[in-house]
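Results of the structural survey
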Amino acid sequence: TEYDLRKGRAVAYEYLGDEVACFADLEAMFRLADLLGEVSRRVDAIQRYLLGAFGQADLLAKAMAFAKDTLPLAWASEDPKLIADALHIQALFSRSNLDYASAEESIVEAIERYRSLGDRRGEADSLQVRFGIAMAKGQSRLAQAYAASALRLAREISGDIEDRSVEAYALIQISQAT
């Protein structure tokens, strides 16, 4: 589908360092998901957008606009995966707004939900967010433990390039925390 094509290109552009092309495809993904009325794809597009938007006020504002209508739909869906993803997004927004207590609360619940679903990729991604929160709070030892846990999970889920990127990012985080 065009959505999947855009998703693949966005990942490729991210690895190539072409932010403009990456965000153009991410925005197209969101519009396509919206047009199709697929909440799961809207959530996926927002998560991907947020990961690249961290620290960039204009991009965060766009992500928040995308999420405004999507997060309530995720909550209402009663789909455990979508709810875990919504919590993950909430944590990213809270972290971006320097509200570390809310970010921690949301990401801990997301981790628990991913774990109960057996979603090791979601759990690893969320542990990486927890790493960022701990680092922002000056808790480097704790951050290192979160990154080590994410690395362990990433190595268990060896798969496509995105799974390998979780492993690479966890290694980077461990080096930052030491």
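The preceding data block contains the structure.
The notes below deal with the structure included here. Quick caveat, the model's predicted, so the values are computed rather than measured.

1. Topic: the overall build of the chain
Of regular secondary structure, the chain possesses 9 helices and 0 strands. Secondary structure elements of the chain occur, N-terminal to C-terminal, as α-α-α-α-α-α-α-α-α. Within the chain, the fraction of its 178 residues that count as buried is 46%. Nonlocal contacts in the chain, meaning residues at least 24 apart in sequence, comprise 54% of its contacts between residues at least 6 apart. Accessible area for the chain stands at about 8,900 Å²; split by element, carbon and sulfur atoms hold 53% of it.

2. Describing the side chain of Glu27
With respect to the helices, strands and loops of the structure, Glu27 is situated in helix α2 (residues 19-36). With relative accessibility at 16%, the residue Glu27 sits in the buried group. Setting aside residues up to four positions removed in sequence, Glu27 forms contacts with Tyr49, Lys62 and Phe66.

3. With respect to the packing of helix α6 (residues 100-117) against helix α7 (residues 120-136)
Interaxial distance between α6 and α7 falls to 9 Å at its minimum, and their mutual angle equals 160°. Considering the angle they form, α6 stands roughly antiparallel to α7. The chirality of how α6 crosses α7 is left-handed. Across from Tyr100, Ala103, Glu104, Ile107, Val108, Ala110, Ile111, Tyr114 and Arg115 in α6, the residues of α7 making contact are Gly122, Glu123, Ser126, Leu127, Val129, Arg130, Ile133 and Ala136. Residues of the contact of α6 with α7, tallied by class, amount to 11 nonpolar, 2 polar and 4 charged.

4. Side note on unusual backbone geometry
Backbone geometry follows two general trends: most residues other than glycine have a negative phi, and most peptide bonds adopt the trans configuration. Positioned with a positive phi, Glu78 is a non-glycine residue whose angle comes to about 60°. Along the polypeptide, Glu78 turns up in the loop between α4 (57-77) and α5 (80-96). Its identity is not glycine, yet Leu98 carries a phi of approximately 65°, on the positive side. Mapped onto the fold, Leu98 is located in the loop between α5 and α6.

5. Focus on the nonpolar core
Here is a general trend for soluble globular proteins: nonpolar side chains tend to be buried in one another's company. The biggest cluster of nonpolar side chains holds 38 residues, and the ones touching the most others in it are Leu26, Ile46, Tyr49, Leu50, Ile89 and Phe93. Those elements giving two or more residues to this core turn out to be α1 (2-16), α2, α3 (39-53), α4, α5, α6 and α7. Take this core: its biggest share by element is 9 residues, from α5. Ranked by size, the runner-up nonpolar core spans 10 residues in total, among them Ile111, Leu127, Ala143 and Ala150.

Scoring rules and cut-offs
Residues numbered from 1 in each chain as written. Predicted model: local features only at pLDDT ≥ 70, side-chain atom pairs only at ≥ 80, totals over all residues. Heavy atoms only, no water. Helix = DSSP H or I, 4+ residues; strand = E, 2+ residues; numbered from the N terminus. Buried < 20%, exposed > 50% of the residue type's maximum accessible area, 1.4 Å probe, protein only. Contact = heavy atoms within 4.5 Å. Areas by Shrake-Rupley, 256 points an atom, 1.4 Å probe, with all protein chains shown as cover. Axes fitted to C-alpha atoms, helices over the stretch in contact; angles between N-to-C directions. Parallel < 35°, antiparallel > 145°, perpendicular 65-115°, else oblique. Left-handed = near helix turned anticlockwise from the far one by under 90°. Nonpolar A, V, L, I, M, F, W, Y, C, P; charged D, E, K, R; others polar. Core = buried A, V, L, I, M, F, W, Y, C linked by side-chain atoms within 4.5 Å.

Geometry only, nothing functional implied.
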